[in-house]
Amino acid sequence: MEMNTGAILTAMMLGVLLTAIASWAVSGLYRRRMLALMRRAPPPDAAHTAAVPRAAAPAADRPRARLDLYANRRAGWRYLAAVSALSLLIGVTQSVLALLFVYGDDMLSLGRALTLGAVYAWPMALTWGLLRRWSWLRTLGAIGLYLLVMLALVTWRSISPQPLASSLTWLGGLVLIPVTVTLLIGASGRIRAVAPYLLPIFLLLAGSSVIALQIMVSGVNDPPRWLIALVTTVGAWPAIVLLALAPWLLLAWPAWVIARALARAYRAKRFSDLWYLLAAYWFVVLAATSLPSLQGAGLIALTQFIPWLWIPLAGWALRGWLAPQGVPPTLLVLRVFQQDAGVQTLFDRVVERWRLSGNTVLIAGTDLLSRTLDPDDLFTFLNGRLADRFVASAAQVDERLRDFDFAPDPDGRYRVNECYCFDSTWQQALAALVGQADVVLMDLRGFREKNRGCRHELGVLAAAPHLQRVVLLFDGTTERALAEADVAVAPPGRFVWVDAARLDQRRVREITAALLGDAQAK
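The following refers to the structure shown.

Definitions and cut-offs
- Residues numbered from 1 in each chain as written.
- Predicted model: local features only at pLDDT ≥ 70, side-chain atom pairs only at ≥ 80, totals over all residues.
- Heavy atoms only, no water.
- Helix = DSSP H or I, 4+ residues; strand = E, 2+ residues; numbered from the N terminus.
- Rg over C-alpha atoms; globule rule 2.2 N^0.38 Å.
- Buried < 20%, exposed > 50% of the residue type's maximum accessible area, 1.4 Å probe, protein only.
- Contact = heavy atoms within 4.5 Å.
- Areas by Shrake-Rupley, 256 points an atom, 1.4 Å probe, with all protein chains shown as cover.
- Lys, Arg positive; Asp, Glu negative; His and termini not counted.
- Charge placed at Lys NZ, Arg CZ, Asp CG, Glu CD.
- Axes fitted to C-alpha atoms, helices over the stretch in contact; angles between N-to-C directions.
- Parallel < 35°, antiparallel > 145°, perpendicular 65-115°, else oblique.
- Left-handed = near helix turned anticlockwise from the far one by under 90°.
- Nonpolar A, V, L, I, M, F, W, Y, C, P; charged D, E, K, R; others polar.
- Core = buried A, V, L, I, M, F, W, Y, C linked by side-chain atoms within 4.5 Å.
- Disulfide = S-S within 2.5 Å.
- Phe/Tyr/Trp six-rings, centres within 6.5 Å; stacked < 30°, edge-to-face > 60°.
- Lys NZ or Arg CZ within 6 Å of the ring centre and 35° of its normal.
- Patch = residues over 30% accessible without salt bridge, like charges linked within 9 Å, V, L, I, M, F, W, Y side chains within 5 Å.
- Salt bridge = Lys/Arg side-chain N within 4 Å of Asp/Glu carboxyl O.

### Regarding the overall build of the chain
For the chain, the count of helices and strands is 21 helices and seven strands. A compact globule built from 522 residues should have a C-alpha radius of gyration of about 24 Å, and the chain, at 26 Å, falls within 12% of that. C-alpha atoms of the chain, sized along the principal axes, occupy 80 × 65 × 40 Å. Counting only residues that meet the buried cut, the chain has 51% of its 522 residues in that class. Considering only contacts within the chain whose residues lie at least 6 apart along the sequence, 82% involve residues at least 24 apart. Only carbon and sulfur atoms are counted for the fraction: they give 63% of the accessible area of the chain, which is about 24400 Å². Mean positive and mean negative side-chain charge positions of the chain (50 and 36 charges, respectively) differ by 2 Å.

### Concerning the packing of helix 3 (residues 110-120) against helix 5 (residues 136-157)
It is the contact of helix 3 with helix 5, at a shortest axis distance of 9 Å, that shows an interaxial angle of 160°. The angle between helix 3 and helix 5 places the two elements in the roughly antiparallel class. Handedness of the crossing formed by helix 3 with helix 5: left-handed. Here Gly 111, Arg 112, Thr 115, Ala 118 and Val 119 of helix 3 lie close against helix 5, whose contacting residues are Tyr 146, Met 150, Leu 153, Val 154 and Arg 157. Its residues assigned to classes, the contact of helix 3 with helix 5 comprises six nonpolar, two polar and two charged.

### A short note on the nonpolar core
In summary, soluble globular proteins display a tendency toward joint burial of nonpolar side chains. Among the nonpolar cores identified, the biggest contains 54 residues, and Tyr 79, Trp 122 and Trp 275 are the most heavily contacted of them. Not counting chain neighbours up to four residues away, the residues in contact with Trp 275 comprise Tyr 79, Val 83, Leu 86, Ile 311, Ala 314, Gly 315, Leu 318 and Asp 411. Judged by nonpolar contacts, the second largest core, of 37 residues, contains Leu 334, Val 336, Ala 429 and Cys 454.

### Re the state of the cysteines
As enumerated under the stated definition, the model contains zero disulfides in all. Free of any disulfide, Cys 419 has its nearest cysteine sulfur in Cys 421, 3.9 Å distant.

### Quick look at the packing of helix 2 (residues 69-101) against helix 12 (residues 310-317)
Look at helix 2 against helix 12: their axes get within 10 Å of each other, and the N-to-C directions meet at 145°. By crossing handedness, the relation of helix 2 to helix 12 is classed as right-handed. Residues Leu 86, Leu 89, Ile 90 and Thr 93 of helix 2 form the contact with helix 12, whose participating residues are Trp 310, Ile 311 and Ala 314. Its residues placed into classes, the contact of helix 2 with helix 12 shows six nonpolar, one polar and no charged.

### Focus on the packing of aromatic side chains
Counted by the stated rule, this structure contains ten aromatic pairs. Measuring from ring centre to ring centre gives 5.2 Å for Phe 390 and Phe 422, while their planes differ by 35°; the resulting arrangement is tilted. With Phe 390 in strand 3 (residues 390-391) and Phe 422 in the loop between strand 4 (416-421) and helix 18 (426-436), this pair connects stretches of sequence that are 32 residues apart. An aromatic cluster of three or more residues is present, and its members are Tyr 197, Tyr 266, Phe 271 and Tyr 276. The lysine or arginine in question, Arg 415, covers the ring of Tyr 266, its NZ or CZ lying 3.8 Å from the ring centre. Cation over ring: Arg 480 sits above Phe 474, and NZ or CZ is 4.8 Å from the ring centre.

### Concerning a nonpolar patch on the surface
Residues Leu 89, Ile 306, Leu 309, Trp 310 and Leu 313 make up a contiguous nonpolar surface patch of about 440 Å² in total accessible area. For Trp 310, the position within the fold is in helix 12.

### A short note on the pattern of salt bridges
Pairing of side chains with opposite charge becomes possible as their charged atoms draw close. Counted by the stated rule, this structure contains 24 salt bridges. Close ionic contact of Asp 348 with Arg 133 constitutes a salt bridge, the shortest N to O distance being 3.6 Å. Here Asp 348 is found in helix 14 (residues 340-354), whereas its partner Arg 133 is found in the loop between helix 4 (123-132) and helix 5, with 215 residues between them in sequence. On the accessibility criterion, Arg 133 (16% relative accessible area) is buried. Of the charged contacts, one joins Asp 377 and Arg 389 as a salt bridge, the two residues approaching to 2.3 Å between their closest N and O atoms. Here Asp 377, found in helix 16 (residues 375-382), pairs with Arg 389, found in the loop between helix 16 and strand 3; they are twelve residues apart in sequence, far enough to count as distant. For Asp 377, a relative accessible area of 5% corresponds to the buried category. Via salt bridges that share partners, Arg 133, Arg 192, Asp 273, Asp 348, Glu 352, Arg 355, Arg 371, Asp 411 and Arg 413 belong to a single interconnected network.

Put into structure tokens, the structure is as follows:
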């Protein structure tokens with residue numbers, strides 16, 4: 001069968017669309033299941049106590065964690081330098097391979113390879129957005145600015161003047177498909193945590209459907225008898241649909257096995273969530289660049305996928321350089337529920353920075369689903385075993401906390417650990433989590449007297465004997481006087497209030513400084 005670049009690109013875009021649709025459905029089902037389980041009250045047991053639980057005391061031999069704002073900032077810049085250098089390395093390698101095998105070996109020169117490599121490294125701007133958790137609008141702006149700089153570079157380095165429209169068309173062609181794909185699977189907050197992990201499954205299924213239809217088209221002049229019988233029986237369009245979906249029956253199980261293997265690899269720390277996204281987006285970028293070249297250059301164009309191997313190699317090589325030092329502190333995140341947009345922004349701008357310094361623990365909720373769901377969570381839900389993660393009694397709290405993962409990922413960032421609770425067990429879980437924490441970040445924006453759960457949390461935080469710092473965020477809607485009365489028994493200086501009515505960069509720096517022990521740093 002003749003190579004059909006259009007069919008391959010169609011399969012990729014179809015896989016992306018199916019991923020977005022399936023992710024939207026799975027995310028909604030996951031959210032509803034979470035809410036139903038949280039509201040469920042399991043049968044009482046002997047371990048369930050009616051007394052208000054107090055914060056668990058930390059282990060006597062537990063070393064005191066060090067809070068270091070400047071170490072956090074150095075880690076951030078070090079990480080940014082690492083992924084930027086990786087993007088340049090991939091871009092330059094791809095340019096050398098393209099000049100050798102696609103454009104012709106007489107095109108290869110050092111200056112041309114470096115210039116084209118800088119252009120091919122445009123996903124660096126996308127990487128910055130992922131790392132800093134920028135909004136998609138800001139990320140697209142960064143990509144556009146990067147391409148404008150590359151346009152100036154290409155114009156300056158061109159041997160013969162090129163029409164501006166021609167250069168813009170070429171640059172636009174490089175980014176159109178990859179940016180479309182990333183927007184489809186990552187722009188919506190509802191599916192951003194689900195889609196990247198379903199993408200390999202639906203790319204495989206969509207590819208099988210397109211191949212089946214290509215085989216059918218190639219034999220249209222001499223169709224087999226069974227195909228004629230099928231079309232005669234059900235009609236042309238139903239037959240096409242059946243033939244397109246038939247390979248799914250064969251590939252459904254292998255696709256599921258691949259997905260489960262992905263979840264096991266994540267659980268075993270073979271990769272981090274951020275490096276998985278980098279790998280997924282770079283694969284799409286390289287595919288969008290190399291697949292159109294198949295028609296003219298043949299299979300040799302697939303050599304442009306080789307630079308993708310720099311990602312796992314760099315992940316392995318940089319483990320020591322990116323590894324954090326010292327005893328990591330643990331941050332407990334508490335919040336007023338039903339404030340989804342505000343707490344998601346807070347997570348993006350503050351907690352993601354914290355992950356370079358230490359662990360994060362919280363009580364699971366649907367408000368942070370798009371920020372905390374990982375492949376292990378996703379496939380536990382798809383297996384119908386999400387209820388097994390919920391704490392059904394006080395006796396199970398310690399067991400759940402022992403399953404927390406407090407070791408850094410290979411890229412030096414720490415994971416977010418969630419405690420899944422029913423309405424009848426969250427207080428016991430809270431007490432245990434406070435015992436694990438060194439620092440607490442509590443979002444009290446929108447806090448009112450009716451928020452009895454938050455008032456209970458404030459009381460537990462005030463009485464805990466070991467906490468180094470509790471940072472409370474407030475805005476104009478916060479009943480601050482009531483909250484201050486709830487923490488009146490706390491040791492002096494434990495609670496730090498920060499006005500978070502606007503989470504701009506200055507305020508984010510102030511919150512980060514307060515969490516890491518330097519309230520004066522800006």
